[in-house]
Amino acid sequence: MIRVVLPYHLRKLARVDDEVQLEPGAPTLGSVLDALEARYPVLRGAIRDHGTLRRRPFVRFYACKEDLSHEPPETKLPEEVVTGAEPFLIIGAMAGG
Amino acid sequence: MSKVRALIGTKKGAFILTADGQRANWEISGPHFAGWEIYHIKGSPAHPDRLYASQTSGWFGQVIQRSEDGGKTWEAAGNEFKYDGVPGTHKWYDGTQHPWEFKRVWHLEPSRNDPDTVYAGAEDASLFKTVDGGHTWQELPGLRTAKGHLWQPGAGGMCLHTIIIHPERPERMFIAISAAGAFRTDDGAKTWRPINHGLKSPYELPDPDAEVGHCVHRIALHPSRPDVLFMQKHWDVLRTDSAGESWHEVSGNLPSDFGFPIDVHAHEPETIYVVPIKSDSEHFPPDGKLRVYRSRTGGNEWEGLTKGLPQRDCYVNVLRDAMAVDTLEPCGVYFGTTGGQVYASADSGDTWTAIVRDLPAVLSVEVQTLP
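In this section: the overall build of chain B. When its secondary structure is counted, chain B shows zero helices and 30 strands. Considered along the principal axes of its C-alpha atoms, chain B spans approximately 50 × 45 × 40 Å. Taking all 371 residues of chain B together, 55% fall into the buried category. Contacts in chain B between residues far apart in sequence, at least 24 positions, make up 50% of those at least 6 positions apart.

Have a look at this one:
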């Protein structure tokens, strides 16, 4: 079971109050996102581009204090995330103002 | 008694204002979709409680929302806007060619008689259509073949912001793009041609009379006179009496002919409204006075409308989709500002009241007249 923490606006969009728990087909970055979008189709296009599945520029992926944003989809998630001890974080990047 | 419902899109959410036919006391609901940019909300003329909203974010992209109950509750619809085929390129700021990239929906135009059919005007400039209530969207690519390789974004982006469906012949439509100009189809959006003859842009284009490239800010028509269109261009207010075959300037005595919105009185097809803005360098009203200008002669002769509007120290802007009229008698006129005020006039513009203030910057205003 993998715990996924969504940013505020995506929690509102998906109508979830808290973190999401997923059982992806494989413990990889891409599989977690596939599982997330399968359960919440409204998030398709909000995290990754519809066609290319590239991460949207101002979305970041963090886990265990590591930035996985630039890693390929087949990247295996850290063991602490795979066991559910640590969450996988989807972040809306900081913007000044 | 009739009711009026104003649909307000802002930089940080949507607001819905309702009042009875007196238009004196307004109830405000919102923010809906708090924190998101709501570029536009519009109701179906065929089913007025069916609303569509364009919800967008620099972080999370495009969402289309749909309501079946006049905005009390909403459901996300489809958000995949994919250009048809290989979209090719358009002109970029540095003169090179740049690939078409979908960014957001600026304007939603529901069909006059089918609540499931809606047109969406997008940035980068393109026209999409749904026939299933927003679940799926298909591009109508014929538009981009109308010299699309010569279109170039202005500072606000290359957006298709105006969609007008002919009231009797739905196969005829008018659209406008910044900065490409106005275009017309007569075959249901299969083919399009520029309709910019008479527009002059000496400060913006190397060829002031170019066929495309003009920064059209808004066009409007009255349903009873569908060959007469009015245009607020970057500079200049214009009209055509030939469905766009040629345009002529009707700026007349306006204090500035720069501005964004233009609209037509619901019952008087020769009465039109604009909000003069000082210049493209200073996006605020001349002399710090917020004035709507009304022409009862289809242009050229304009009167400033000031009662109830701030006449000093006012430096807001009124954006292109932020003006609308109701169809009551007398006609109501509405506009929203980048300062977050929505002003309404229940007497065709003679007097104005702020029906809400201190909203986020207003991006769009639509008004529904309900039984």
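Looking now at the overall build of chain A. A count of helices and strands for chain A gives three helices and five strands. For chain A, the sequential pattern of α-helices and β-strands runs β-α-β-α-β-β-α-β. In terms of its C-alpha atoms, chain A occupies a principal-axis envelope of roughly 35 × 25 × 25 Å. The proportion of buried residues among the 97 residues of chain A is 25%. Contacts in chain A between residues far apart in sequence, at least 24 positions, make up 54% of those at least 6 positions apart.

This next bit is on the sheet that holds strand β24 (residues 292-295) of chain B. Each strand in a sheet pairs with another by means of backbone hydrogen bonds, the pair being arranged parallel or else antiparallel. Residue and element names in this part refer to chain B. Strand order across the open sheet formed by four strands is β22-β23-β24-β25, with antiparallel pairing between neighbours. The two strands at the open ends of the sheet, each matched to only one other strand, are β22 (262-264) and β25 (303-305). Taken over all neighbouring pairs, the strand axes of this sheet differ in orientation by 30° on average, direction set aside.

Core analysis: the biggest nonpolar cluster contains 131 residues, and Ile8(B), Ile177(B), Ile219(B), Met231(B), Tyr334(B), Val342(B) and Val365(B) have the highest contact counts within it. Every residue in contact with Ile219(B), bar those within four places of it in the chain, is listed here: Thr162(B), Ile164(B), Phe174(B), Ala176(B), Ala182(B), Leu229(B), Phe230(B) and Met231(B).

The subject of this paragraph is helix α2 (residues 29-39) of chain A. Residue and element names in this part refer to chain A. Of the residues making up α2, those classed as buried are Leu29, Val32, Leu33 and Leu36. Looking straight down α2, one finds that the buried residues subtend no more than 95° of arc, so they occupy a single side. Looking at the buried positions of α2, the neighbouring elements they touch are β1 (2-5), β2 (20-22), β3 (59-63) and β5 (88-92).

Residues and elements named next belong to chain B. Burial of the side chains of strand β20 (residues 237-240) extends over both faces: Val237 and Arg239 are buried on one face and Leu238 and Thr240 on the other. Bridge analysis of strand β19 (residues 229-233) against β20 gives four bridges, and the strand direction is antiparallel. Its bridge partner lying in β20, phenylalanine 230 is registered against arginine 239. Connecting β19 to the antiparallel partner β20 that follows it, the hairpin turn spans three residues, and aspartate 236 within it adopts a positive phi of roughly 95°.

Next up on the list: the sheet that holds β19(B). Residue and element names in this part refer to chain B. Pairing in this open sheet of four strands is antiparallel, and the strands run β18-β19-β20-β21 from one edge to the other. Whereas interior strands pair on both sides, the edge strands pair on one side only; in this sheet they are β18 (216-221) and β21 (248-249). Across five bridges, the pairing between β18 and β19 is antiparallel. The residue bridging arginine 218 from the neighbouring strand is glutamine 232, located in β19.

We now examine the confidence of the model for chain B. When pLDDT is averaged along chain B, the result is 97; 100% of the residues meet or exceed 70. What the predictor reports for the complex is a pTM of 0.96 with an ipTM of 0.95.

Attention shifts here to the interface of chain B and chain A. The interface of chain B with chain A comprises 13 residues on the first partner and 13 residues on the second. The element that contributes the greatest number of residues to the side of chain B that touches chain A is strand β6 (residues 61-67) of chain B, accounting for three residues. Residues of the side of chain B that touches chain A, tallied by class, amount to five nonpolar, six polar and two charged.

Thresholds, definitions, all that
Residues numbered from 1 in each chain as written. Chains lettered and ligands numbered in written order. Predicted model: local features only at pLDDT ≥ 70, side-chain atom pairs only at ≥ 80, totals over all residues. Helix = DSSP H or I, 4+ residues; strand = E, 2+ residues; numbered from the N terminus. Buried ≥ 20, exposed ≤ 12 C-beta atoms within 10 Å, placed from the backbone. Contact = placed C-beta atoms within 7 Å. Pairing = 2+ DSSP bridges. Axes fitted to C-alpha atoms, helices over the stretch in contact; angles between N-to-C directions. Core = buried A, V, L, I, M, F, W, Y, C linked by C-beta atoms within 7 Å. Arc of directions from axis to C-beta. pLDDT = per-residue confidence, 0-100. Nonpolar A, V, L, I, M, F, W, Y, C, P; charged D, E, K, R; others polar.

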